[in-house]
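Fold and geometry: a report
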Amino acid sequence: MSLTTVTAGERMLLAKTASREIARLSDAQKSRLLDRIADALEDATDEIVAANGEDLDRGREQGLSAALLDRLALDAARVHALAQAVREVALLPDPVGRLLEEKTLENGLNLQKISVPFGVVGSIYEARPNVTVDIAALALRSGNAVVLRGGTAAELSNAALVRAMRAALTEEGVDPEAIQTLDAFGRSGATELMHARGIVDVLVPRGSAQLIEAVVTESTVPVIETGAGVVHVYLDESAPLERAEAIVVNAKAQRPSVCNAAETVLVHRAAAPRVVGPVVAALQEAGVTVHGDERVAQLASGIVPADEQDWETEYLSLDIAMRVVDDLDAALDHIRRYSTHHTESIITDDEGSAERFLAEVDSAVVMANASTRFTDGGEFGFGAEVGISTQKLHARGPMGLRELTSSKWVVRGSGQVRG
């Protein structure tokens, strides 16, 4: 059926029907399908990049931030990287049909708990065409159909990506309705997706804190909440200077527009005289503007005075907040107050401090002596990610294939009845 002749509701029903076929595909069939999608994306590179260029031009005219433009941008290298990520997903173990638990009751009934697809996975996201491919690939590999609402900023890019992927499904003899986009329906499409309980089985929002909050609040479809990243790096009293510089600069400047980029640096008071100046200088050399408290301003030059809002801000830009704290307890208090429970890292040579930080910080990912930029599905070995969950139910942290499956109990008997 042509995508131009159906309503948003009808598209979701088509995905529901197609999900039954996807759920029956074998491990080998799903892997082959993803390899074909990767080839199709690379074959359509010129079309995808051209469509993306139009989105970028429109975004600049509308005043999109540098961070959003960076997330939106696709060139040949990024399309190739998307295709390679799909191939990596194809090589991952099939998450469907795993035996999770098994036991035999005294009456002889055999019980097995096995992993099964959700059915239809929905996603609402902003200016991130890579999400279009990542979620589609992960959904198909885990036996699910997918319904996408990618936002007007990336509408032409997403359309080109979806066309290529649907064509690959058709060439493999698989129902192309397993990949749907609702971009053409604007806000009403997003609203219908959030209210498609019984058709869409789970919904994953990705984007700004405002978008995520709107989806969590309005959706009647079960939501896996992915959160904004007010991410902290804490330089403990024993933090080695060279390590602190390298990790803080990487965590902030390697790609500032993503949710695992550091937004706040906390510095132990005893370490501040030896680390603040060099770390600030290294950040400034990387083009970062440092928003600091009074003690930071006393120890380094070129500091923008920080206020309460800075501790709450996910900059997604070459800006970072820095604060001197009295000790580890004060750092933990600051993180408890301002963290979005995404990722936090401690830089230290004190094993006791590291273990206490790892145990007490209540975030999806906690690290010791590592850049927060490693909080990523690809880096964790998932091939790609649906998102980074900051909730505590079902999934937490980077979400890969296993997080797109549910479970069911299979009971085998020989005529037992309950007395």
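Residue positions are given per chain, counting from 1 as you read along its sequence in written order. A pLDDT threshold of at least 70 governs which residues receive local features in this predicted model, and a stricter bar of 80 or more applies before side-chain atom pairs are shown or counted, although totals over entire chains, interfaces and linings include all residues. Note that water and hydrogens are dropped before the side-chain values are worked out from all heavy atoms of the structure.

Below, the discussion takes up the pairing of strand β6 (residues 202–206). In summary, the side chains of a regular strand alternate between the two faces of the sheet. Accessibility here uses a 1.4 Å probe with only protein chains present; expressed as a share of the type maximum, an area under 20% marks a residue as buried, one over 50% as exposed, and anything in between as partly exposed. By the criteria applied, helices consist of DSSP H or I runs no shorter than four residues and strands consist of E runs no shorter than two, each listed in order from the N terminus. Among the 5 residues of β6, 5 are classified as buried, and the element is accordingly described as predominantly covered. Residues Val202, Val204 and Arg206 of β6 are buried on one face, and the alternating residues Leu203 and Pro205, pointing to the opposite face, are buried as well. For two strands to pair, DSSP has to find at least two bridges joining them. Here strand β3 (residues 120–125) runs beside β6; their pairing, made up of 5 bridges, is parallel. Note that in β6 the partner of Ser123 across the bridge is Val204.

Another aspect to go through is the packing of helix α2 (residues 27–43) against helix α7 (residues 155–171). Between α2 and α7, the least distance of the axes is 8 Å, while the angle of their chain directions is 135°. Overall, the two elements α2 and α7 adopt an arrangement that is oblique. You can see that α2 and α7 cross each other, and the crossing is right-handed. Counting all contacts with α2, which are made through Leu33, Arg36, Ile37, Ala40 and Leu41, the residues of α7 involved are Leu161, Ala164, Met165, Ala168, Leu169 and Glu171. By residue class, the composition of the contact of α2 with α7 is 9 nonpolar, no polar and 2 charged. Fitted lines through C-alpha atoms serve as axes, helices being fitted only where they are in contact, and the angles separating the N-to-C directions of these axes extend from 0 to 180 degrees. Put simply, angles under 35 degrees are roughly parallel, angles over 145 are roughly antiparallel, angles from 65 to 115 are roughly perpendicular, and the rest are oblique. A crossing counts as left-handed when the near helix is turned anticlockwise from the far one by less than a right angle, and as right-handed when that turn is clockwise. Throughout, a contact is declared for two residues whenever any of their heavy atoms are within 4.5 Å. Ten residues, namely Ala, Val, Leu, Ile, Met, Phe, Trp, Tyr, Cys and Pro, are considered nonpolar, four, namely Asp, Glu, Lys and Arg, are considered charged, and the remaining ones, Gly among them, are considered polar.

With 17 residues, α2 extends 25 Å between its outermost C-alpha atoms, agreeing within 8% with the 24 Å of an ideal straight helix rising 1.5 Å per residue. On its buried side, α2 packs onto α3 (45–61), α5 (76–91), α6 (129–141) and α7. How far a helix is expected to stretch is found by multiplying one less than its residue total by 1.5 Å.

Glancing now at the layout of surface pockets. The method works on a 1 Å grid over the protein atoms by themselves. A cavity is a set of points holding a 1.4 Å probe that cannot get out, a pocket is an open set with protein on both sides within 12 Å along at least five of seven lines, and residues with an atom within 4 Å of a point line them. Grid points are joined across faces, edges and corners, and a volume is the space filled by probe spheres set on the points. Of the pockets and cavities examined, the largest pocket occupies roughly 820 Å³. Asn130, Asp134, Arg255, Val258 and Asp376 are the residues nearest the centre of the largest pocket, which is lined by 29 residues in total. Sorting the residues of the lining of the largest pocket by element identifies α5 and α6 as the ones contributing at least two each. A per-element tally of the lining of the largest pocket places α5 first, with 5 residues.

The feature "domain: Aldehyde dehydrogenase" (unreviewed entry), as annotated in UniProt, sits at residues 14–289 in this numbering. In the segment residues 14–289, helix accounts for 52% and strand for 17%; the C-alpha atoms at its two ends are 49 Å apart. UniProt positions are given in the numbering used here, feature names are shortened, and annotations may be inferred rather than shown by experiment.

What the 3 strands build is an open sheet, ordered β1-β2-β16; its pairing is antiparallel. Looking at the sheet topology across the chains shown, the edges are occupied by β1 (99–104) and β16 (405–412). Between one strand and the next, the sheet's axes are offset by a mean angle of 20°, whatever the strand orientation. Direction of pairing for strand β2 (residues 110–117) relative to β16: antiparallel, over a ladder of 8 bridges. In the sheet register, Ser115 faces β16, and the bridge partner there is Ser407.

Here we take up helix α8 (residues 186–194). All of the buried residues in α8 are Gly186, Gly189, Ala190, Leu193 and Met194. All buried residues of α8 lie within an arc of 135° about the axis, which places them on one face of the element. In this structure, the buried side of α8 is in contact with α1 (8–24), β3, β4 (145–149), β6 and α9 (209–218). Arc definition: it is the arc formed by the directions from the helix axis to the C-beta atoms.

Attention now goes to unusual backbone geometry. Backbone phi values are negative for most residues with the exception of glycine, while trans is the configuration of most peptide bonds. Despite not being glycine, Leu316 has its phi angle at roughly 55°, a positive value. Along the chain, the position of Leu316 falls in the loop between α13 (308–312) and β11 (319–325). Even without glycine at this site, His341 takes up a positive phi of about 65°. Along the chain, the position of His341 falls in the loop between α14 (328–338) and β12 (343–347).

So, about the pattern of salt bridges. When a carboxyl oxygen of Asp or Glu is within 4 Å of a side-chain nitrogen of Lys or Arg, the pair counts as a salt bridge. One pass over the full model with this rule turns up 23 salt bridges. A salt bridge links Arg163 to Glu47, with the shortest nitrogen-to-oxygen separation between them at 2.7 Å. One end of the pair, Arg163, is in helix α7; the other, Glu47, is in helix α3, with 116 residues separating them in the sequence. You can call Glu47 partly exposed: its relative accessible area is 38%. Residues Arg336 and Asp333 are paired through a salt bridge, measuring 2.5 Å at the closest nitrogen-oxygen approach. Taken together, the residues Arg336 and Asp333, both in helix α14 and 3 residues apart, mark about one turn of the helix. Take Arg336: its relative accessible area is 49%, and that puts it in the partly exposed class. Sharing partners across several salt bridges, the network here consists of Asp39, Glu42 and Arg87.

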